[in-house]
Amino acid sequence: MWRLLVLLQAVVLPAQLCEVPEAVAARARTMSARLLGLAEDSEQQANPSVYVALRLADDHHPALEEQYLARLKEAFQGTHSTSSQAASRPMRPFPRPHAAPRSRASAARGHHRSPVAAGKGGRPLTGRLALYLLALRAACQPPDLGAESPPLARLKYALEEDWTGSQQHGHPLTNYYQYSLGVLALCVRRRHIREEVIRRLLAAERHGKFGHGDGHAVDTEAVAGLAFACLHQAPLARGMLASELHEAIRSVARKLLQAQGPDGLIGNVFSTPLALQFFIATNSCESEPEYSRARDALLQSLDNFTNPMAISQLLPALYGRSYLDIASMSCQGERGTLQPISPVTQSTELGNIIVRLVVECPKRLCHHHVLYNQSVTVPAGSSLLDVLEMASKQGHHAFTFKTQDSLYGPFLTTVMKVEAKWQERRSWHLLSAPNTSLQMGIADYKPHDGETLILRLSKW
């Protein structure tokens, strides 16, 4: 670990492709083909992160990628056009606040990751806009000349709107993960970023704002670290600011290595890819055994990656690239050799399973600690979402829940009429009894017969 810190004391060099062993490259190509197969499903919403991952790969399918980009543009022009008028207004350091902020994705995934949820009620769209701008650059769209494009203007405005939450809550209206994505996207596009916007993120890193509860938000640290590395490499910061960015990069590296477990994973299996992207972006990948250990651990865990969003964050790391490589993409000489692998249809399992569903709430927030405790019978192979839907149909037990859409899939916002509130730092935590956090979302996790699942309202 100390060798890495000594390495980072040198000037951070521009991002470059890390050497990838052929065995790893072969696994990366297979994952690319799987992601392309998932992208073919026109019923699934277009996801800019998926497109970015396909573009950062070595092998391509130009026709399918072009079709996906068209779907992406149509979705964003329709969904986010309502923010155009707001984005055209002059930005202020602290615009007027909006309605109550949304809750976090840990409710869906069982660990601390941003949902990058769809904005509602005029709330910021920071994360989605950031990923969309990265996708447009990955498509080698013409550079922005003169007046800023509508997506760029919207993202700058969203960053300012996002920060209104700091006046009341001390953190953005979304979270630092999405705020970091916004800064990173502007930097990759080589757009001017106000120094105040950068210093907000530096202050959050310096004061440990990325940690949640007694854990460590590895994914947030990693994305913030990518933003710091980009800002340090680009001619956007000089003098004292450059020195502070340099120190922030060292701090992120130290915290990520401290989060590496005996199994080699940094945080958990889903946060490790973003941590690897950080080490790739700072050219630490070839000299540090910690990087190789983490990559090897991921290769042993690829069966966990079935969600398109999770795969899209994994692929760049397997190819030895990071989001910073988007800035130098030329889209020339690409190999059109990739063929999609269609998702494997799960064989229909016979019979039913019985799952016990428990809902827990702190007494300071609810009249009863246990709000629900019933067995639910579902067909074998059902997801946790199927369990929740079946429980809601058992009318005499009156189970209720609400979800919100996100790029990771649906995540829980309300259970038994109790809402998870971001501004109060509480979310619905998913566990397998007695106390094992689920690392998949409610639509991805498949319970087993006799399992007890706990939905626990928790502070973080």
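This is a predicted model, so every value here is computed, not measured. (Residues numbered from 1 in each chain as written. Predicted model: local features only at pLDDT ≥ 70, side-chain atom pairs only at ≥ 80, totals over all residues. Heavy atoms only, no water.)

Re the overall build of the protein chain
Logical step 1: When helices and strands are counted, the protein chain shows 17 helices and eight strands.
Logical step 2: Out of the 460 residues belonging to the protein chain, those deemed buried represent 57%.
Logical step 3: A sequence separation of at least 24 residues applies to 74% of the contacts in the protein chain between residues at least 6 apart. (Helix = DSSP H or I, 4+ residues; strand = E, 2+ residues; numbered from the N terminus. Buried < 20%, exposed > 50% of the residue type's maximum accessible area, 1.4 Å probe, protein only. Contact = heavy atoms within 4.5 Å.)

Observations concerning helix α15 (residues 289-299)
Logical step 1: What α15 keeps buried is the set Glu-290, Tyr-291, Ala-294, Arg-295, Ala-297, Leu-298 and Leu-299.
Logical step 2: Residues of α15 that are buried make contact with α2 (22-39), α13 (239-258), α14 (272-281) and α16 (308-318).

Considerations on the nonpolar core
Logical step 1: Within the largest apolar cluster, 137 residues are counted, with the highest numbers of intra-cluster contacts made by Phe-399 and Leu-455.
Logical step 2: Every residue in contact with Phe-399, bar those within four places of it in the chain, is listed here: Leu-357, Val-359, Tyr-372, Leu-388, Ala-391, Ser-392, Val-415, Met-416 and Leu-455. (Core = buried A, V, L, I, M, F, W, Y, C linked by side-chain atoms within 4.5 Å.)

Here we look at the confidence of the model for the protein chain
Logical step 1: The predicted model of the protein chain has a mean per-residue pLDDT of 82, with 79% of residues at 70 or higher.
Logical step 2: Note on residues 1-16: pLDDT under 50 across the span, and 46 contacts to partners over four residues away in sequence or across chains.
Logical step 3: Taken as a whole, residues 82-114 scores under 50 in pLDDT and shows 116 contacts with residues more than four places along the chain or in a different chain. (pLDDT = per-residue confidence, 0-100.)

Focus on the sheet that holds strand β4 (residues 411-415)
Logical step 1: Here three strands make up an open sheet; going across it, the order is β3-β4-β5 and the pairing antiparallel. Looking at the sheet topology across the chains shown, the edges are occupied by β3 (401-404) and β5 (418-419).
Logical step 2: Bridge count for β3 against β4 is four bridges, and the pairing is antiparallel. In the sheet register, Gln-404 faces β4, and the bridge partner there is Phe-411. (Pairing = 2+ DSSP bridges.)

A few points about the pattern of salt bridges
Logical step 1: Counting across every chain of the model gives 15 salt bridges.
Logical step 2: Residue Asp-58 pairs with Arg-321 through a salt bridge whose shortest N-O separation is 2.9 Å. Note that Asp-58 is positioned in the loop between α3 (48-55) and α4 (62-79) and Arg-321 in the loop between α16 and β1 (352-360), a separation of 263 residues in sequence.
Logical step 3: Using a relative accessible area of 28% as the deciding quantity, one classes Asp-58 as partly exposed.
Logical step 4: Residue class for Arg-321 comes out buried when judged on its relative accessible area of 17%.
Logical step 5: The residue Lys-255 makes a salt bridge to Glu-205 at a minimum N-O spacing of 2.9 Å. On the criterion of sequence distance, the pair formed by Lys-255 in helix α13 and Glu-205 in helix α11 (residues 195-206) is long-range, its members being 50 residues apart. For the pair formed by Lys-255 and Glu-205, the shared burial category is buried. (Salt bridge = Lys/Arg side-chain N within 4 Å of Asp/Glu carboxyl O.)

Considering the packing of α14 against α16
Any two packed helices are characterised by the angle at which their axes cross and by the distance between the axes.
Logical step 1: Packing of α14 against α16 brings their axes to within 8 Å, and their N-to-C directions diverge by 35°. Pair α14 / α16 crosses with left-handed handedness. In this structure, α14 uses Pro-273, Leu-274, Leu-276, Gln-277 and Ile-280 to contact α16, whose residues at the interface are Gln-313, Leu-314, Pro-316 and Ala-317. (Axes fitted to C-alpha atoms, helices over the stretch in contact; angles between N-to-C directions. Left-handed = near helix turned anticlockwise from the far one by under 90°.)

Quick look at the packing of α14 against α15
Logical step 1: Running from N to C, α14 and α15 point in directions that differ by 145°, and their axes come no closer than 10 Å. Remark: the crossing between α14 and α15 carries left-handed chirality. Packed against α14, whose contacting residues are Thr-272, Pro-273, Leu-276, Phe-279 and Ile-280, the element α15 presents Tyr-291, Ala-294, Arg-295 and Leu-298 at the interface.
Logical step 2: Looking at the contact of α14 with α15 residue by residue, the classes come out as seven nonpolar, one polar and one charged. (Nonpolar A, V, L, I, M, F, W, Y, C, P; charged D, E, K, R; others polar.)

Let's talk about the state of the cysteines
Logical step 1: Under the definition given, this model contains three disulfides.
Logical step 2: The residue that forms a disulfide with Cys-140 is Cys-331, at a sulfur-sulfur distance of 1.9 Å. Residues Cys-140 and Cys-331 are joined through a disulfide that is right-handed, its torsion about the S-S bond being 85°. A residue pair is termed long-range when its members are at least 10 positions apart, and Cys-140 in the loop between α7 (126-138) and α8 (150-162) and Cys-331 in the loop between α16 and β1 qualify at 191 residues.
Logical step 3: For Cys-187, the disulfide goes to Cys-230, at an S-S distance of 2.2 Å. Around the S-S axis, the bridge from Cys-187 to Cys-230 shows a dihedral of about -100° and counts as left-handed. Taken as a pair, Cys-187 in helix α10 (residues 176-188) and Cys-230 in helix α12 (residues 218-233) lie far apart in primary sequence, 43 residues in all. (Disulfide = S-S within 2.5 Å.)

A look at the packing of aromatic side chains
Logical step 1: Applying the stated rule across the entire model yields eight aromatic pairs.
Logical step 2: Geometrically, the ring pair formed by Trp-163 and Tyr-179 is tilted, given 5.2 Å between the ring centres and 45° between the ring planes. Placement of Trp-163 in the loop between α8 and α9 (165-168) and of Tyr-179 in helix α10 is noted, with a sequence separation of 16 residues between them. The pair Trp-163 / Tyr-179 is uniform in exposure class, with both members buried. (Phe/Tyr/Trp six-rings, centres within 6.5 Å; stacked < 30°, edge-to-face > 60°.)

Observations regarding α12
Logical step 1: Its 16 residues place the ends of α12 22 Å apart at the C-alpha level, agreeing with the 22 Å of an ideal helix rising 1.5 Å per residue.
Logical step 2: The buried count for α12 comes to 15 of 16 residues, which makes it a mostly enclosed element. (Expected span 1.5 Å × (residues − 1).)

Some details on the sheet that holds strand β2 (residues 370-379)
Logical step 1: Reading across the sheet, the five strands line up as β2-β1-β8-β6-β7 and stay open at both edges, with mixed pairing between neighbours. Of all strands in the sheet, those with a lone pairing partner are β2 and β7 (436-437), marking the two edges.
Logical step 2: When β1 meets strand β8 (residues 452-459), the two strands line up parallel, connected through five bridges. Opposite Glu-360, over in β8, you have Arg-456 as the bridge partner.

Overview of the side chain of Glu-160
Logical step 1: By the element assignment, Glu-160 lies in helix α8.
Logical step 2: At a separation of 2.6 Å, a polar atom in the side chain of Glu-160 contacts the side chain of Arg-194. (Polar contact = N/O pair within 3.5 Å; in protein donor to acceptor, adjacent residues only side chain to side chain.)

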